[in-house]
Amino acid sequence: MLKNAIPNNLSFYRGKRILVTGHTGFKGSWLTVLLKFLETQTTGYALAPEPGSLYEKINGDQWIHSVIGDLLDTKKLEQTICEFQPEIVFHLAAFCFVKECFENPVKTYQTNVTGTLHLLEALRKCSSVKSILLVSTDKVYRNKGDGAIYQENDPIGGQCPYSSSKSCMEILAQDYRRSYFQTQDCCVGLSIARASNVLGGRDQTQSRLIPSILHSLDHHLPVSIRHPEQTRPWQSVLDALNGYLTIARYTYQKPLLYSDIWNIGPTKDGIRSVGWVFQTIQKSFQDLKSTEGTSFVVAESKTLGLDIQKSLTNLDWEPQLSCEETIQQVVDFYKRQQAGESVDKICWEQVKKYFKKNYETISEK
Ligand SMILES: NC(=O)c1ccc[n+]([C@@H]2O[C@H](COP(=O)([O-])OP(=O)(O)OC[C@H]3O[C@@H](n4cnc5c(N)ncnc54)[C@H](O)[C@@H]3O)[C@@H](O)[C@H]2O)c1
């Protein structure tokens, strides 16, 4: 493969027409800021933002052309795509909270499988599209919880409606690639990124660890920790999004070579226990206390590890922030927000700092 043969994200993305599904969600809001920084022309397609969400706090409509629509509304979806004529598509929209997915499997499969089917079908009819990135998760692996670190060719299937619906989405996408996107008459790049848990400022999802810690701090309550011994790969939201941008760029330039499945996670440094993450945050907030949490409705595996060697070897991408730096960035975000700084300013500055560091590191190689 041709690592480093393709211009970096900063120069490549300027002026490109990008469609983001799920731009009103947590990752989508960060991606919205990032694409503004990269000077793309971006349209987003998603449900309305949740009250108090990051998208609302950054006043997301100032950064992106936002279309509020459902993936299940095929007419609106097709019309949006047809009018905008995107070159690159990031598909983030999903129903993705493990507990809520377990309680509502029909909505989970409808959004994650049928919604993706509608999107791919609409994209198939749009000749401007050159590169599609579908965002999946490390939870698709058939995780035995025995400390194994999973590679892209390990069996998938998942253990609950969320992970199984994402596995179905992947199978569907690979069929679309073979049957429609890469044929004698057509050559569109289509990749899948399996990301691990991301950490970043203003994640409002209470079932995730850091948001629940910050929520407890806000309310002067002890934080409920379910399984301090369980390990997970933790990565910065900016490292994950930079990974997505890198894959879509390679897939755009060399669709036959790079249309593939890519793990996007931290180095081994980021595979840490829940207890370690809690204690690291506690260093910044002496008053923070914990209590033993009640078990989750879905059985949680003891370990989850992601092998990112294939991405490190073949793409000019690597995580830039250590686990401590990532946590520090979230803590800084929280403290600055508490001190009254505007959320859009904090996001913009963190993106700017990240990219400066990112490209200094790459150009030093
Ligand atoms: N956050 C993480 O730690 C993490 C880890 C691995 C993978 N992922 C994946 O990354 C993606 C984004 O995650 P997130 O944390 O930003 O999620 P989120 O819940 O914050 O955002 C989900 C987005 O999808 C949109 N959406 C949901 N149903 C829709 C529908 N029927 N039609 C149109 N839009 C719809 C929502 O409006 C929102 O914009 C998801 O695909 C998720 O599976 C997230």
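The rules we used
Residues numbered from 1 in each chain as written. Predicted model: local features only at pLDDT ≥ 70, side-chain atom pairs only at ≥ 80, totals over all residues. Heavy atoms only, no water. Core = buried A, V, L, I, M, F, W, Y, C linked by side-chain atoms within 4.5 Å. Buried < 20%, exposed > 50% of the residue type's maximum accessible area, 1.4 Å probe, protein only. Helix = DSSP H or I, 4+ residues; strand = E, 2+ residues; numbered from the N terminus. Contact = heavy atoms within 4.5 Å. Expected span 1.5 Å × (residues − 1). Pairing = 2+ DSSP bridges. Axes fitted to C-alpha atoms, helices over the stretch in contact; angles between N-to-C directions. Lys, Arg positive; Asp, Glu negative; His and termini not counted. Salt bridge = Lys/Arg side-chain N within 4 Å of Asp/Glu carboxyl O. Polar contact = N/O pair within 3.5 Å; in protein donor to acceptor, adjacent residues only side chain to side chain.

Student: What am I meant to see in the nonpolar core here?
Tutor: Inside soluble globular proteins, nonpolar side chains tend to come together where they are buried. Membership of the largest hydrophobic core comes to 48 residues, with the highest contact counts inside it found for Tyr13, Trp30, Phe90 and Leu245. If one sorts the elements of this core by residue count, helix H9 (residues 237-253) sits on top with ten residues. Apart from residues lying up to four places away in sequence, Tyr13 is in contact with Ile18, Leu38, Glu39, Thr40, Ile88, Phe90, Leu245, Ala248 and Arg249. Within the second largest apolar cluster, 27 residues are counted, among which are Val67, Leu77, Phe84 and Ile261.

Student: Sorry if this is basic, but what is going on with helix H13 (residues 323-338) here?
Tutor: Side chains three or four residues apart in an α-helix point the same way, a direct result of the helix having 3.6 residues per turn. With 16 residues, H13 should cover 22 Å at 1.5 Å per step; its first-to-last C-alpha distance of 23 Å lies within 8% of that length. Buried within H13 are the following residues: Cys323, Thr326, Ile327, Gln329, Val330, Val331, Phe333 and Tyr334.

Student: Would you explain the sheet that holds strand S10 (residues 231-236) in this entry?
Tutor: The strands making up a sheet are joined through hydrogen bonds of the backbone, oriented either antiparallel or parallel. A sheet is described by the order of its strands in space; here three strands give the open sequence S8-S10-S12, paired in mixed fashion. Both outer strands of the open sheet, strand S8 (197-199) and strand S12 (271-273), are each paired with one neighbouring strand and no more. Across the sheet, the mean angle from the axis of one strand to that of its neighbour is 50°, orientation sign disregarded. Contacts from helix H11 (residues 274-282) reach S10 and S12, with the element oriented near 80° to S12. Sitting on the sheet, H13 is in contact with S8, S10 and S12, with an inclination near 65° to S10.

Student: Explanation requested: the side chain of Glu87 in the structure shown.
Tutor: Tracing the sequence through the fold places Glu87 in the loop between helix H4 (74-84) and strand S4 (88-91). Lacking a salt bridge, the buried Glu87 has Lys130 as its closest oppositely charged neighbour, with an N-O distance of 5.0 Å. Here the side chain of Glu87 touches Tyr252 through a polar contact of 3.3 Å, side chain to side chain. Once residues lying within four places of it in the same chain are set aside, the contact partners of Glu87 are Lys16, Arg17, Ser128, Val129, Lys130, Ser131 and Tyr252.

Nothing here speaks to function; it is all geometry.
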